[in-house]
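Spelled out, the chains give:
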Amino acid sequence: MQKLALFDLDNTLIDRLDAFRRWVGEFVEQRGLSDQDAAWMIRLDNDGALPMDTFFAAVRERFGLAEPVGQLWATYRARLPELVVCPYEVLAGLDRLRAVGWRVAIVTNGMADNQTGKIQRTRLAEHVDGWAISDAEGVRKPDIRLFEIAAARCGAQLSEGGWVIGDAPEKDIVGGRRAGLSTVWIDRGLPWTGEGLKPDHTVADVVSAIALLLADGSHR
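Small disclaimer: the values here were computed from a predicted structure and weren't measured. Counting starts from 1 at the beginning of each chain's written sequence and moves along it residue by residue. Two thresholds apply to this predicted model, a pLDDT of at least 70 for residue-level local features and 80 or more for giving and counting side-chain atom pairs, whereas whole-chain, interface and lining totals are computed over all residues. Side-chain numbers here rest on the full set of heavy atoms in the structure, without hydrogens or water.

Thoughts on the packing of aromatic side chains
The description of an aromatic ring pair uses the distance of the two centres, along with the angle that the planes make with each other. Classification of ring pairs uses Phe, Tyr and Trp, with its six-membered ring standing for Trp, and accepts pairs whose centres are within 6.5 Å; under 30 degrees between planes counts as stacked, over 60 as edge-to-face, and the remaining range as tilted. Counted according to the given criterion, the structure contains 11 aromatic pairs. Ring plane angle 85 degrees and centroid distance 5.7 Å describe the contact between Trp-40 and Phe-63, whose orientation is recorded as edge-to-face. Here Phe-63 lies in helix α3 (residues 52-63) and Trp-40 lies in helix α2 (residues 35-45), a separation of 23 residues in the sequence. An identical accessibility class is assigned to Trp-40 and Phe-63; each is buried. Pairwise contacts between aromatic rings join Phe-20, Trp-23, Phe-27, Phe-55, Phe-56 and Tyr-76 into one cluster. Geometrically, a charge over a ring is one whose NZ (Lys) or CZ (Arg) sits within 6 Å of the ring centre while staying within 35 degrees of the ring normal. In this structure, Arg-16 is placed above the aromatic ring of Phe-20, and the distance from its NZ or CZ to the ring centre is 4.6 Å. We note Arg-62 situated over the ring of Trp-40; from NZ or CZ to the ring centre the distance is 4.3 Å. A run of H or I in DSSP counts as a helix once it spans at least four residues, and a run of E counts as a strand once it spans at least two, with each numbered from the N terminus. Each residue is placed in one exposure class: buried if its accessible area under a 1.4 Å probe, protein chains only, is under 20% of its type's maximum, exposed if it is over 50%, and partly exposed if it falls in between.

So, in structure tokens, the structure goes:
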């Protein structure tokens, strides 16, 4: 099996939920809203499961905001990358993978400006070989074509195998398995919803996933 590792972005390499909560805190303070309003917004987001155009339509209606949904969403996309961080140990782990011959890419669903901003501001761009973003490519996980694009950006092809690492059962694990790749699921304490397909490994965080690949992933 070739040394190819395709990582999800949100809540895998970076803590999207933490950044979103901080954005909500800013939004509530700027608008003079309450803690209860903040809690409502976090519940509505559902850990990123709700499409953001739907989210901002509901926010606009609830709080009687004057800005169009598109403007609210665009302002959010500009701000959220500034609130996201990637821990040093994650960046260092990616460097260790590449130092021993792994080709590393990011495969993420989302808007191109938002996701590119996260990748660049966290300096992940300097620690991977490439990335594929659904909005830019016109295809979304779990469609295997997004994995194919990411692999190609690394000079690899899925037919030679590799790994997908992510927190979303359907998008990352089921998608990765259908692409013919081995998988590592980042278990964040949410229910498994990945049909009958199971991950090859389950870990608590991406640092543990990187350690697993460094230890024995290339020998599978």
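What to know about the nonpolar core
We call a set of buried residues a nonpolar core when its members are Ala, Val, Leu, Ile, Met, Phe, Trp, Tyr or Cys and they connect through side-chain atoms within 4.5 Å of each other. Core analysis: the largest hydrophobic core is formed by 48 residues, its most contacted members being Phe-7, Trp-23, Met-41, Leu-124 and Ile-165. At 6 residues, the largest contribution of residues to this core is made by helix α1 (residues 16-31). By the convention used here, residues are in contact when the closest approach between their heavy atoms is within 4.5 Å. For Trp-23, the contacting residues outside a window of four places in its chain are Met-41, Phe-55, Phe-56, Tyr-76, Arg-79, Leu-80 and Leu-83. Counting 16 residues, the second largest nonpolar core, distinct from the first, contains Val-107, Ala-156, Leu-158 and Val-164.

A look at the environment of Phe-27
Relative to the assigned elements, Phe-27 resides in helix α1. You can call Phe-27 buried: its relative accessible area is 5%. Considered as a pair, Phe-27 and Ala-38 are 11 residues apart in the sequence and their alpha carbons are 8.5 Å apart. When residues no more than four places from it in sequence are discounted, the contact partners of Phe-27 are Leu-33, Met-41, Val-59 and Leu-65.

A few points about unusual backbone geometry
Here the residue pair Lys-141 and Pro-142 is connected by a cis peptide bond, since its omega of 15 degrees sits within 30 degrees of zero. Mapped onto the elements of the fold, Pro-142 is located in the loop between α7 (134-137) and α8 (144-153). Unusually for a residue other than glycine, Arg-123 sits at a positive phi of about 70 degrees.

Considerations on the sheet that holds strand β4 (residues 163-166)
We treat two strands as partners when DSSP finds at least two bridges between them. The sheet built from 6 strands is open, its strands ordered β3-β2-β1-β4-β5-β6 with parallel pairing. Single-partner strands in this sheet number two, and they are β3 (130-133) and β6 (201-203). Each strand axis lies, on average, 20 degrees off the axis of its neighbour in the sheet, ignoring direction. The pairing of β4 with strand β5 (residues 182-186) spans 4 bridges and is classified as parallel. Bridging from a neighbouring strand, Val-164 pairs with Thr-183 of β5. What counts as an axis is a line fitted to C-alpha atoms, over the stretch in contact for a helix, and the angles between N-to-C directions run from 0 to 180 degrees.

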